[in-house]
Amino acid sequence: MPQTFVHLHLHTEYSLVDGLIRIKPLASAVAQAGMPAVAVTDQSNMFAMVKFYRAAMAAGVKPILGVDLWVQDQDIAQPPHRLVLVCQDIDGYHNLTELISRSYLEGQHQGRPLIQKEWLIGNTDGLIALCGGREGVLGSFLLNDKLDEASEQCAFWKQQFPDRFYLELQRTGRNQEATHVQQAVELAIVEELPVVATNDVHFLSRDDYEAHEARVCINEGRTLDDTRRPR
């Protein structure tokens, strides 16, 4: 059986802060590449769900529903971290929609909907969790070579997502990715956790890069010539 790759961390234009990918071109590109499925994990919303489902099915591609969330730990002094949740079944879909709704109703902070870490307890059936890479729930520990602290955190995530918590490995040229990959693999060995390769996709072609940068600048109130802006 030929090896295939499936994108599990991808932002469309419905990721209003940073995504550029339109739904129909996405379905077409995935089909042309011979990929059997694709996930859409927009930031903090599932606005694209119906359109994405229809376009993917029409293109002969299995649609996978998910969301890229921001999680706030009990220690509010710590910044929120990313967590990608992907629906495994209908129970996961119901749990995910409830978490998203609650983030908008109860978790708004400086214009960003957050979920509290404790909200996940008892509400993760049918959901697969990806750790979120460098900016994820374990990212800061791994980037600071704090494997012991990361291992301690893993206990919570493995309990909430038994056999459904994955460490993301990304090699897209972003800052500190190589360090994160090395530490994530070491943690995966220690904690016997599975790993998954993702790309954190925001646009379809190389030609879209400048437009993506402009969109991020608009969201953050920066200009393209700002040397301090994230790239």
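Attention here is on the structure that accompanies the text.

Thresholds applied
Residues numbered from 1 in each chain as written. Predicted model: local features only at pLDDT ≥ 70, side-chain atom pairs only at ≥ 80, totals over all residues. Heavy atoms only, no water. Helix = DSSP H or I, 4+ residues; strand = E, 2+ residues; numbered from the N terminus. Rg over C-alpha atoms; globule rule 2.2 N^0.38 Å. Contact = heavy atoms within 4.5 Å. Areas by Shrake-Rupley, 256 points an atom, 1.4 Å probe, with all protein chains shown as cover. Axes fitted to C-alpha atoms, helices over the stretch in contact; angles between N-to-C directions. Left-handed = near helix turned anticlockwise from the far one by under 90°. Nonpolar A, V, L, I, M, F, W, Y, C, P; charged D, E, K, R; others polar. Buried < 20%, exposed > 50% of the residue type's maximum accessible area, 1.4 Å probe, protein only. Arc of directions from axis to C-beta.

### Overview of the overall build of the protein
Here is step 1 of the chain: Of the regular secondary structure elements, the protein holds seven helices and nine strands.
Here is step 2 of the chain: In terms of C-alpha radius of gyration, the protein reaches 17 Å, essentially the compact-globule figure of 17 Å for 231 residues.
Here is step 3 of the chain: The principal-axis extents of the C-alpha atoms in the protein amount to approximately 45 × 45 × 40 Å.
Here is step 4 of the chain: Relative to all contacts within the protein whose residues are 6 or more apart in sequence, the contacts with residues 24 or more apart total 70%.
Here is step 5 of the chain: For the protein, the accessible area works out to roughly 12,400 Å², and carbon and sulfur atoms hold 50% of it.

### With respect to the packing of helix H1 (residues 23-32) against helix H2 (residues 49-58)
Here is step 1 of the chain: Interhelical geometry of H1 versus H2 gives an angle of 35° and a closest axis separation of 9 Å. Between H1 and H2 lies a crossing whose hand is right-handed. Contacts between H1 and H2 involve Ile 23, Lys 24, Leu 26 and Ala 27 on the former and, on the latter, Lys 51, Phe 52, Ala 55 and Ala 56.
Here is step 2 of the chain: The class makeup of the residues in the contact of H1 with H2 is six nonpolar, no polar and two charged.

### Some details on H2
Helical geometry: 3.6 residues make up each α-helical turn, so side chains three or four residues apart lie on a common side.
Here is step 1 of the chain: Residues Phe 52, Ala 55 and Ala 56 constitute the buried set of H2. Angular distribution of buried residues about the axis of H2 spans 100°; they occupy a single face of the element. More than 90 degrees from the buried face of H2, the exposed residues found are Arg 54 and Ala 58.
Here is step 2 of the chain: Among the structural elements, H1, strand S1 (37-43) and strand S2 (62-72) are those in contact with the buried residues of H2.
Here is step 3 of the chain: One or two residues past the end of H2 sits Gly 60, with phi positive at roughly 80°.

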